[in-house]
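Structural overview for review
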Amino acid sequence: MKPVGTIIAALAAAASVSSPALAFSPSSSSGKNRFTTHCLEAEAQTRGDFLATATAAVATAAIVNPVRPAYARGRATLDQAYERYTPRIIEGGAFYKKNLYGAIAKGDWKGILAGTAEPPKLIIIFCVRHHLKRTKEDKALQDGGIARRAALAGGFSDSRVLSAMDLFASTFSESSISPKTKSMKAEVEKLREVVEALNKAARIATGEEKSSGGLFGMGGKAPSQGELAKEVKDLYLKGGNAYNQYVFIANDGLPVQLAKLPFL
């Protein structure tokens, strides 16, 4: 059995053949500079080294090109939003780093599918039309049952994690959308694209969805299992960078009384 560090390095190496594979590393807010980590060595680097280099990259980015702080509408509002949304964000990050990574490393398509799945369609209708469909139990809950319905979704799905990231990002705006909120939401959109693509690849690989030809219907023959496996590994790295960039922006200017969100 290969050590975890070797598998992570192999995942990163699959993302780029001609250039060194890089660990998750958030870019600067201006988009002009990207701080990267040391090259991942497939046979030498451990999981601890991988995470340590990613953390070092974040620290460097914060020093060299800090994001201008943006504050929420009052301390009470920020505290409430932090308590409500960050547990789902942190749990989602942990799932991404461990469970989703494990499924991708092993080629567990059903695991990838389950991890990125949305709630049943009926549950989604309840969310959209909650004022018509809420149960008595839902009405008794402070959030109208939204968190309970989100719990039916996959560990790193839109309903469970990305919606919480969107809502927490909105907390940092007042009468108009702040640059901080825009930057955070931009990373959420990248993650949304990744999650949708991962889910689609898993559906194609398991036969639940037929490809119209080429990778995700872009022409040519249907993708092989090997092509799909490489695609999800690339997507995983892209999503990891987006998640860490979101955390980097969110932590900047956060009151010292609130614990900073952890990176992957």
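Everything below is about the structure shown above.
None of these values were measured; they are calculated from a predicted model.

**With respect to the overall build of the protein chain**
Counting its regular elements, the protein chain contains 11 helices and 0 strands. Helices and strands in the protein chain line up, N terminus first, as α-α-α-α-α-α-α-α-α-α-α. Put simply, the protein chain has 264 residues, and 43% of those count as buried. Long-range contacts, defined as pairs at least 24 residues apart, comprise 68% of the intrachain contacts of the protein chain with a sequence gap of at least 6. Counting only carbon and sulfur atoms, one obtains 58% of the accessible surface of the protein chain, whose full area is about 13,800 Å².

**So, the pattern of salt bridges**
Summed over the entire model, instances satisfying the criterion amount to 9 salt bridges. Note that K185 is salt-bridged to D166, the shortest N-O span being 3.3 Å. Here K185 is found in helix α10 (residues 179–206), whereas its partner D166 is found in helix α9 (residues 158–170), with 19 residues between them in sequence. K185 sits in the partly exposed class, given a relative accessible area of 27%. The salt bridge involving R203 is made with E209; its shortest N-O contact spans 2.5 Å. Given a relative accessible area of 23%, R203 falls into the partly exposed group. Bridged by salt links that share partners, the residues D158, D166, K185, E189 and R192 form one connected network.

**A closer look at the packing of α9 against helix α11 (residues 225–251)**
Running from N to C, α9 and α11 cross one another at 25°; their axes reach a closest spacing of 12 Å. In this view, α9 runs roughly parallel relative to α11, as classed from their interaxial angle. Crossing of α9 over α11 shows left-handed handedness. Of α11, the residues touching α9 (which contributes M165, F168 and A169) are Y243, Y246 and A250.

**Side note on the environment of F168**
By the element assignment, F168 lies in helix α9. Judged by its relative accessible area of 0%, F168 falls in the buried class. In the structure, F168 is positioned 87 residues away from A81 in sequence and 6.2 Å away in space, judged by C-alpha atoms. In this structure, F168 is in contact with L78, A81, Y82, Y85, T86, I89, M184, Y246, A250 and L261, ignoring residues within four places of it in sequence.

**Thoughts on the packing of aromatic side chains**
Using the criterion set out here, one finds 6 aromatic pairs in the structure. A centroid spacing of 4.7 Å and a plane angle of 10° characterise the contact between Y96 and Y236, whose relative ring orientation is stacked. Of the two residues, Y96 sits in helix α3 (residues 75–106) while Y236 sits in helix α11, which places them 140 residues apart along the sequence. Per residue, the accessibility class of Y96 equals that of Y236, and both read buried. One Lys or Arg, K180, reaches over the ring of F172 and ends 4.2 Å from the middle of that ring.

Each value, and the rule that gives it
- Residues numbered from 1 in each chain as written.
- Predicted model: local features only at pLDDT ≥ 70, side-chain atom pairs only at ≥ 80, totals over all residues.
- Heavy atoms only, no water.
- Helix = DSSP H or I, 4+ residues; strand = E, 2+ residues; numbered from the N terminus.
- Buried < 20%, exposed > 50% of the residue type's maximum accessible area, 1.4 Å probe, protein only.
- Contact = heavy atoms within 4.5 Å.
- Areas by Shrake-Rupley, 256 points an atom, 1.4 Å probe, with all protein chains shown as cover.
- Salt bridge = Lys/Arg side-chain N within 4 Å of Asp/Glu carboxyl O.
- Axes fitted to C-alpha atoms, helices over the stretch in contact; angles between N-to-C directions.
- Parallel < 35°, antiparallel > 145°, perpendicular 65-115°, else oblique.
- Left-handed = near helix turned anticlockwise from the far one by under 90°.
- Phe/Tyr/Trp six-rings, centres within 6.5 Å; stacked < 30°, edge-to-face > 60°.
- Lys NZ or Arg CZ within 6 Å of the ring centre and 35° of its normal.

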